[in-house]
Structure formats: structure tokens, C-alpha cells
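Commentary on secondary and tertiary structure
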Amino acid sequence: MVRIHDVIRGRELFSVQVDQSVAEVARHMAEMRVGAILVLQGDELRGLFSERDLMTRVGVGRQDPEATLVSAVMSTNLSTIDESATLDEALECMNQHNCRHLPVMRAGKVSGFLSMRDLMHVELARKTEELQHLQAYVHGSV
């Protein structure tokens, strides 16, 4: 059974600090090619900033990205999951809370970040391996 810590092991944790401007955070997200990023205060999780936050709270709200702190427009009502949870539990959590990103926790501290895309990649790899085994079985027994 695959656990979250297996998926995030060895991955760099992308994050920004609460006192950074939206423009600074958006540039960082673009450089990292990510659609959402954790917002920390020191090493404590404070929120999450996503492309959707940029669009709805900054763009539509006509906020100045250079003058607006990410802490003023980030999402703060976050669901988190422990790194020992299974991928099925993560998927259920995302479904239940209608979110596509989950901060991953270990002993009360952020240890990673999991996205719906991560879950899809793992499931696709599992299905591909299963298909290869079935094809080998069929071709080997014919």
C-alpha cells in the first residue's frame, strides 16, 4: 500500500513567507512551474496561495500585486494530511474538502505538499504496470 511519505520522499518543499508580496510569490510560482504554494511564517504553516487566489482575490479584486502581501489574499481554511496516510485517504480528504492540494504534516510540522496531479501520476503508473503484467501473462500463455 502506497503512503504519502513514499510519494513526497526526496522532493523539495516549495514555500514562501507571509510577508512577501503577491507579485514576488507569483514570480516564484512561475519559475518553479507550480500552480499553488505553501505560505509559512518561519516554519509554521499559515496558508496556501494558488492561481485561483491570484485570479479571484487579486485580479478580480483589483489589488496591486506589488503592494499586496500574500498573507492578505491566501487561503487559510486548509485541510492537511499526515504523511503516514494512504493515497486513498488523501484522495478522500481532497474529495471531502473540495480541494486539489494538501499540505502534508509530520509531528505537527509541514513535511511536504501533495496535489491531485501527484495522485493521478501514481495511479497511472500503477495501472500501466498492471497492464504490462496482464499483457505479459496473455502473450506468455497463448
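Structure first, text after, so check above.
Reference entry: report on the structure contained in this document.

A few words on the overall build of the protein chain. Regarding its fold elements, the protein chain presents six helices and six strands. The principal-axis extents of the C-alpha atoms in the protein chain amount to approximately 70 × 30 × 30 Å. Across the 142 residues in the protein chain, those meeting the buried criterion constitute 35%. When the accessible area of the protein chain is evaluated, it comes to approximately 9200 Å², of which 51% is carbon and sulfur surface.

The phi dihedral of Arg33 falls on the positive side, at around 60°, and the residue is not glycine. For Ala107, which is not glycine, the phi torsion reads 55° and is therefore positive. With respect to the secondary-structure elements, Ala107 resides in the loop between strand E5 (101-106) and strand E6 (109-115). The exposed category is assigned to Ala107, whose relative accessible area is 75%.

Quick look at the nonpolar core now. In terms of nonpolar packing, the biggest core is built from 13 residues, with Ile4, Ile81, Ala90, Leu102, Val104, Leu114 and Leu119 touching the most fellow members. Of all the secondary-structure elements, those providing two or more residues to this core are helix H1 (4-8), helix H5 (87-97) and E5. The leading source of residues in this core is H5, at four residues. Counting 12 residues, the second-largest nonpolar core is a separate cluster that includes Val18, Val22, Val25 and Val73.

Attention now moves to the sheet that holds E6. With respect to topology, three strands assemble into an open sheet ordered E4-E5-E6, the strand pairing being mixed. Unpaired on one side and paired on the other, strand E4 (81-82) and E6 mark the two borders of the sheet. Here six bridges tie E5 to E6, and the two strands are oriented antiparallel to one another. Bridge pairing in E6 places Met105 opposite Val110.

Cut-offs and rules
- Residues numbered from 1 in each chain as written.
- Predicted model: local features only at pLDDT ≥ 70, side-chain atom pairs only at ≥ 80, totals over all residues.
- Heavy atoms only, no water.
- Helix = DSSP H or I, 4+ residues; strand = E, 2+ residues; numbered from the N terminus.
- Buried < 20%, exposed > 50% of the residue type's maximum accessible area, 1.4 Å probe, protein only.
- Areas by Shrake-Rupley, 256 points an atom, 1.4 Å probe, with all protein chains shown as cover.
- Core = buried A, V, L, I, M, F, W, Y, C linked by side-chain atoms within 4.5 Å.
- Pairing = 2+ DSSP bridges.

Structural measurements only, silent on function.
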